[in-house]
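Structure assessment
What follows is the residue order along each chain.
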Amino acid sequence: MAKVSASMELILDTIKYSAENKEGVVMASDHRVGVAALELRSVDLQSPRNNKEHHTQEMGLKRLIVRRGQLFVLRLNFNRPFQFQTDHITFVAETGPAPMELLGTRATFSLTQARQGNAWSASDFTIDSNSFSVSLFTPANAVIGSYTLKIEISQGQGHSSTHLLGTFILLFNPWSAEDDVYLPSEVLLQEYIMMDYGFVYKGHERFITAWPWNYGQFEEDVIDICFEILNKSLYFLKNPSKDCSQRNEVVYVCRVVSAMINSNDDSGVLQGNWGEDYSMGVSPLEWNGSVAILRQWSARGGQPVKYGQCWVFAAVMCTVMRCLGVPTRIVSNFCSAHNMDGNLTIDTYYDQNAEMLPNQKQDKIWNFHVWNECWMIRKDLPPGYNGWQALDPTPQQTSSGLFCCGPASVKAIKEGEVHLAYDTPFVYAEVNADEVIWLFRDGQAQEILAHNTSSIGNVISTKMVGSDQRQDITSSYKYPEGSTEERSVFMKASQKMLGPRRTSSAFLDLLGSRGFQDQPAQLQLHLARTPEWGQDLLLKLHARRVADRAHPQGPIRLVVRFCAQALLHKGGTREPLWRQTVYLNLDFGEEIQWPLLLPFNNYGNKLTDEKLIRVSGIAKVEETGRSMLVLKDISLEPPHLSIEVSERAEVGKALGVHITLTNTLMVALSNCMMVLEGSGLINGQISNDLGTLVPGHTIQIQLDLYPIKPGPRQLQVLISSNEVKEIKGYKDIFIAAARAS
């Protein structure tokens, strides 16, 4: 009786609701005398309204793109008014190549008066004559992807029909408290989901460059390319149904994307190139943004785009993850260790002439390395490790057989919990390894010149929220260098990573003696003036005699051999481009400043595109036969360009842009090419051949843009030449909506 009573109550409630709204629902008894079968005449997915409510309107309004864990509304038009008590509607949502309810890629759900918890549901319907509006809800743990939506209509035990309502794309929802990517701050969501431009921080820890980048995650075809990336992964190719069923887990999706941005194992987006020959593709320095890369990859059927390096890999992954709905940012780590053998030590070698030698192992120290952080709950880890997770799409080493890295909890990295998934030991070493510098002679490493416990993992940087400024987030990854907490965490991580090996090392005994730190002089190299590419470089050696155990007082004689080499981004150097030897006599307490001149003719055609020079000096103390090391890295600034725009910028109206570049160098810039990019400002890119710019001359470019979308936008300008690859500038522009005519 209880069931009958509940059914009658539901019918009466529906009739009462309809009567109150004057919608003329036919009584249940009318069905017995015959009512026309319910037929679907038209469907309105209400994409503009739904997309706006789901923060996807930037992707377009023509098709339905929604986020899981949130209602969206459809309007169905039938041949007659819908009758709740006799017309039965079942919705079917399917995704993937072989949808199955067991795998979570198919859902069937009937019309109800109220939403049924965190499950697929259709509820909150309203009836207006033949029009029927209904709210659909997708669970906050639903599989993301492209769905087909169908409706099955039946009356009692009789006629039944199925209709295709349309398709929709379902994304992660960082606005939903039930979603694993929930980020409870609208300010942060605007930065890490909605912002379609930003900065990559490059260069050297003492010469950090903000490199503007167009993420373009809302360009109309980018969402399709993102799912194309997932569908070309090895996981999908091996078992499509299983792969799709796991796309409800953000950890899984992040790992797939990390593997697919590089092409080492698969038809990934980018092919890495850390050499210096980019003639078969585009130099990594010449990309302005992600959109051109993603479109080229898709247009060529998944053929890897040439070429990328770490900042390009990370920037493209940022585009993909923000597009899929995962809060994501780019992080740059300066003096970043690549520790292949997991011993938390990077060895570098110099000979007695101060030349930096090729590494004997695969270990290296990058000038900088760029990766991503994604925000998520880590249900696979113990409590306390939610929040930012490090992911690295640059192919450095394999993880579970593929070139991917992460997600590694940033909190776990800081606390030295290197046993936690995924790839935490590798990321921990990137920011915490020690550097040991050796003097190499007679075929072997003979003397420790320095043991640096704080040289690796410096000024870890990301873009500041709501600003073009850089934010230092080093404290998120580790405790202050040299602090009790930092050394305690280092020992904990070392024991977990190395076990008994660490306590039985003769090398560690040598380090422990600290004998190499007791030296009779202090040496430093300083720049005497601002270094500019095309100019001679002027340095000064500062030498000061101090007391040591072997020679507490009295004069000493030093033979200082200097060497300058082009410094490579991936660690290591080119062959020497300049040498000099200096002989010094230092009395106790005496300080000497010795000038050093590095002519432009020596380095002009010897540098890499990054324009970095390492000047190293090895000083031999004649009285003891011991050696000391002094280093100075120099970054040569390219010319700067300026960008000016009209005072008012409006959608569809001409926006005047004025770009100025003066060649401040002593050499001509040949084959100058300008590329402009900016989502919402330009559809794709604008390229312009500028020819040759002779020394001291200025080039001025004027052009009109016709903005496409309102809101904050950024125009990126790159001018490259044979001599300097990366003359970059940007301009933040606010675009007003088009005025009503």
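Right, let's walk through the structure included here.

Criteria and thresholds
- Sequence order sets the numbering: in each chain, residues are counted from 1 along the sequence as written.
- pLDDT decides what is reported in this predicted model: residues at 70 or higher carry local features, side-chain atom pairs at 80 or more are listed and counted, and totals for whole chains, interfaces and linings draw on all residues regardless.
- As a rule here, side-chain values come from all non-hydrogen atoms in the structure, and water together with hydrogens is ignored.
- For every residue, the accessible area (1.4 Å probe, protein chains only) is compared with the maximum for its type, and the residue is labelled buried under 20%, exposed over 50%, or partly exposed between those bounds.
- Per the convention used, a helix needs a DSSP run of H or I reaching at least four residues, while a strand needs a run of E reaching at least two, with both numbered from the N terminus.
- Arc definition: directions from the helix axis to the C-beta atoms.
- Pairs were defined over the aromatic rings of Phe, Tyr and Trp, the Trp ring being its six-membered one, requiring ring centres within 6.5 Å. Orientation was assigned from the angle between planes: stacked under 30 degrees, edge-to-face over 60, tilted for the rest.
- At least two bridges found by DSSP between two strands are what make those strands a pair.
- Helix axes use the C-alpha atoms of the stretch in contact, all axes being lines fitted to C-alpha atoms, and the angles between their N-to-C directions lie in the range 0 to 180 degrees.
- Any angle from 65 to 115 degrees is called roughly perpendicular, while one under 35 is roughly parallel, one over 145 is roughly antiparallel, and all others are oblique.
- Put simply, a crossing is left-handed when the front helix is turned counterclockwise from the back one by less than a right angle, and right-handed when it is turned clockwise.
- Residues are treated as being in contact if the distance between any of their heavy atoms lies within 4.5 Å.
- Residues are sorted three ways: Asp, Glu, Lys and Arg are charged, Ala, Val, Leu, Ile, Met, Phe, Trp, Tyr, Cys and Pro are nonpolar, and all the rest, Gly among them, are polar.

Here we come to helix α9 (residues 291–299). Each turn of an α-helix holds 3.6 residues, which means side chains three or four residues apart point in the same direction. Among the residues making up α9, those that are buried are Val291, Ile293, Leu294 and Trp297. Down the axis of α9, the sector holding all buried residues measures 165°, keeping them to one side. Residue glycine 301 follows α9 closely and has a positive phi angle near 70°.

For the coordinates displayed, the defined rule picks out 24 aromatic pairs. The interplanar angle of 55° and the centroid separation of 4.7 Å between the aromatic rings of phenylalanine 82 and phenylalanine 132 together place this pair among those described as tilted. One end of the pair, phenylalanine 82, is in the loop between β3 (71–78) and β4 (87–95); the other, phenylalanine 132, is in strand β7 (residues 131–137), with 50 residues separating them in the sequence. Given the relative accessible area of 1%, phenylalanine 82 is considered buried. In this structure phenylalanine 132 comes out as buried when scored by relative accessible area, which is 0%. A ring pair is formed by phenylalanine 84 and phenylalanine 125, whose centres lie 5.2 Å apart and whose planes are at 10°; its orientation type is stacked. In this pair, phenylalanine 84 is assigned in the loop between β3 and β4 and phenylalanine 125 in strand β6 (residues 121–128), connecting sequence segments 41 residues apart. As far as burial versus exposure is concerned, phenylalanine 84 and phenylalanine 125 are alike and both buried. Site record: aromatic cluster; members linked through ring pairs are Phe72, Phe91, Phe109, Trp120, Tyr147 and Phe168.

Below, the discussion takes up the sheet that holds strand β29 (residues 627–635). Sheet architecture is open: four strands sit in the order β26-β25-β28-β29, paired in antiparallel fashion. The outermost strands of the open sheet, each flanked by one partner alone, are β26 (573–586) and β29. Averaged over all adjacent pairs, the angle separating strand axes in this sheet is 15°, with direction ignored. As judged from the nine bridges shared by strand β25 (residues 556–567) and strand β28 (residues 612–621), these two strands associate in the antiparallel manner. Paired with arginine 561 across the bridge in β28 is isoleucine 618.

A few words now on the packing of helix α12 (residues 424–432) against helix α14 (residues 484–498). Here α12 crosses α14 at 140°, and the two axes come no closer than 12 Å. For the element pair α12 / α14, the angle class is oblique. You can see that α12 and α14 cross each other, and the crossing is left-handed. Contact residues: α12 offers Pro425, Tyr428 and Asn432, while α14 offers Glu486, Val489, Phe490, Ala493 and Met497. Residue classes in the contact of α12 with α14 are distributed as six nonpolar, one polar and one charged.

Ordered in space as β30-β31-β34, the three strands form an open sheet in which the pairing is antiparallel. A single partner strand is all that each edge strand has here, and the edge strands are β30 (641–645) and β34 (698–705). For this sheet, the mean inter-axis angle between neighbouring strands, taken without regard to orientation, is 15°. Taken together, the five bridges between β30 and strand β31 (residues 655–662) define a ladder with antiparallel strand orientation. Residue pairing for β31: serine 642 is matched across the bridge by threonine 660.

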